[in-house]
Amino acid sequence: MTRDPQRATLAVVAREAGVSVPTVSKVVNGRSDVSPETRARIETLLLRHGYVARGLGGAQPGSRTVEMVFDAMKTPNNLDILHGALEAATAEGVDVVVGTVPEDPLGAAWARRMTAAHREGLILVTSEINSQQWRQFAEQNIPVVTIDPINLPGPDVPSVGATNFNGGMAATTHLLELGHRRIGFVEGPPGAMVAIARLHGYHAALSQHGLTGDPGLMTAGPFSFETGFSAGLELLGRKERPTALFASSDGQALGVIEAARTLGLRVPEDVSVVGFDDINAARWSAPPLTTVRQPFAEMGRVAMRRLLRLIAGETLASPRIELATELIIRKSTAAA
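Residues numbered from 1 in each chain as written. Predicted model: local features only at pLDDT ≥ 70, side-chain atom pairs only at ≥ 80, totals over all residues. Heavy atoms only, no water.

**Student:** Just checking my understanding: could you explain helix α5 (residues 109-116) for this structure?
**Tutor:** Side chains of residues three or four places apart in an α-helix project in the same direction, reflecting 3.6 residues per turn. For α5, every residue scored as buried is listed here: Trp-110, Ala-111, Met-114 and Thr-115. What you see down the axis of α5 is that its buried residues fit within an arc of 135 degrees, all on one side. The inward-facing, buried residues of α5 contact β1 (65-70), β3 (122-125) and α6 (131-139). The positive-phi residue at the C-terminal boundary of α5 is His-118, with phi of around 65 degrees. (Buried < 20%, exposed > 50% of the residue type's maximum accessible area, 1.4 Å probe, protein only. Helix = DSSP H or I, 4+ residues; strand = E, 2+ residues; numbered from the N terminus. Arc of directions from axis to C-beta. Contact = heavy atoms within 4.5 Å.)

**Student:** Looking at this model, I keep getting lost on the nonpolar core. Mind explaining?
**Tutor:** In globular proteins that are soluble, nonpolar side chains generally tend to be buried together. Ranked by size, the top nonpolar core spans 27 residues in total, and within it Met-68, Ile-123, Ile-147 and Met-304 carry the most contacts. The dominant element in this core, judged by the number of residues it contributes, is helix α12 (residues 296-311), at 9 residues. Apart from the residues lying within four places of it in its own chain, the contact partners of Met-304 are Val-66, Ala-85, Ala-88, Ala-89, Val-96 and Ile-123. Residues Leu-235, Ile-257, Ala-260 and Ala-282 belong to the second largest nonpolar core, which totals 17 residues. (Core = buried A, V, L, I, M, F, W, Y, C linked by side-chain atoms within 4.5 Å.)

**Student:** What exactly am I supposed to notice about the environment of Val-27 here?
**Tutor:** Within the fold, Val-27 resides in helix α2 (residues 21-28). We classify Val-27 as buried; its relative accessible area is 7%. Each C-alpha atom of the pair Val-27 and Glu-43 lies 7.5 Å from the other, and the pair is 16 residues apart in sequence. Those residues in contact with Val-27, other than ones at most four positions away along the chain, are Val-34, Arg-39, Ile-42, Glu-43 and Leu-46.

**Student:** How should the pattern of salt bridges be read in this particular structure?
**Tutor:** When charged atoms on two side chains of opposite charge get close, those side chains can pair. Here the structure, examined in full by the defined rule, presents 14 salt bridges. Salt-bridge contacts for Arg-64 lead to Glu-120; the nearest nitrogen and oxygen are separated by 2.9 Å. Of this pair, Arg-64 sits in the loop between α3 (36-48) and β1 while Glu-120 sits in the loop between α5 and β3, and the two are 56 residues apart along the sequence. Glu-120 matches Arg-64 in its accessibility class, with the two residues each being buried. Put simply, Arg-283 and Asp-278 hold a salt bridge, and the shortest N to O gap is 3.8 Å. When salt bridges with common partners are traced through the structure, they connect Asp-278, Arg-283, Arg-293, Glu-326 and Arg-330 into a single cluster. (Salt bridge = Lys/Arg side-chain N within 4 Å of Asp/Glu carboxyl O.)

**Student:** How should the packing of helix α9 (residues 225-236) against helix α10 (residues 250-262) be read in this particular structure?
**Tutor:** Each packed pair of helices is defined by two parameters, the angle between the axes and the distance between the axes. Between α9 and α10, the shortest axis-to-axis distance is 6 Å and the interhelical angle comes to 40 degrees. Taken together, the axes of α9 and α10 are oblique relative to one another. Note on packing geometry: the crossing formed by α9 with α10 is right-handed. Across the interface between the two elements, Phe-225, Thr-227, Gly-228, Phe-229, Gly-232, Leu-233 and Leu-236 of α9 pack against Gly-251, Gln-252, Leu-254, Gly-255, Val-256, Glu-258, Ala-259, Ala-260 and Thr-262 of α10. A per-class count over the contact of α9 with α10 returns 8 nonpolar, 7 polar and 1 charged. (Axes fitted to C-alpha atoms, helices over the stretch in contact; angles between N-to-C directions. Parallel < 35°, antiparallel > 145°, perpendicular 65-115°, else oblique. Left-handed = near helix turned anticlockwise from the far one by under 90°. Nonpolar A, V, L, I, M, F, W, Y, C, P; charged D, E, K, R; others polar.)

These figures capture arrangement, not role.
Put into structure tokens, the structure is as follows:
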């Protein structure tokens with residue numbers, strides 16, 4: 001993110017006051033464990049640099065707020081991400097306002113509203129961010145961190161995600177090692193960065209075993225139960241049906257299992273199914289779902305910590321962080 005070198009940050013104030021960033025943060029948060037002389041010097045610098053316009057903004061002492069925006073609060077994944085972010089924010093005395101993407105995401109009004117409300121930063125979850133939005137947030141000096149952005153963000157956009165490619169490869173390799181060769185794939189929304197990474201992992205695993213993906217065994221759609229159910233009916237209803245299906249979300253995988261049941265097929269005796277995410281329902285399904293676990297709560301914690309570092313004026317060593325996925329083997333997969 002291009003930053004105004006004159007922007008008042010905790011790091012700038014700390015350097016001029018001859019103190020540490022945490023000491024400045026204590027003053028901003030209204031903490032009492034700072035000497036009166038040091039507090040007065042820091043408050044003078046905060047005012048001189050205009051930090052009061054966003055950091056204090058007439059709010060009550062100790063009030064610091066960031067915003068966390070989701071594309072929609074419809075999945076358990078979002079709740080886990082939010083839980084992790086709240087945990088990290090609470091540890092630093094920061095409040096979190098939660099919302100969904102506004103109706104005017106392309107207009108400058110969104111960034112202006114955040115500035116007017118004295119939000120110090122923004123975490124954008126599973127949503128698209130384009131160059132226009134990025135420019136508007138930069139102009140308002142609002143740091144932004146994204147979690148699993150739909151599109152491929154620019155090189156300067158800080159983002160947190162999981163190793164989707166590795167997860168896709170691990171899921172497909174597991175099925176290959178069980179002897180499956182006709183492996184269907186239910187992709188996510190076309191163009192979604194995480195869906196593309198999982199698809200590439202699927203193809204890479206097939207390639208390592210001397211196979212190529214059959215377009216006739218692949219379909220795509222939203223990360224939903226309905227997508228998986230429709231895909232399952234289509235792929236498993238064929239005469240030459242796949243012996244296994246890898247769905248790029250647990251919701252899709254549960255839909256596939258229901259489709260198999262509708263067609264009179266047994267899971268895993270007739271068809272093996274693997275999902276992606278490891279939501280709670282994956283453990284409760286019948287049979288329990290083999291899936292790729294994403295560390296959603298940790299993604300929320302890491303994103304919040306990165307945002308607070310940006311707010312403090314620190315520089316991130318790398319704009320992109322990917323946390324490890326893990327294959328969780330349960331009872332929805334068996335030998336071909």
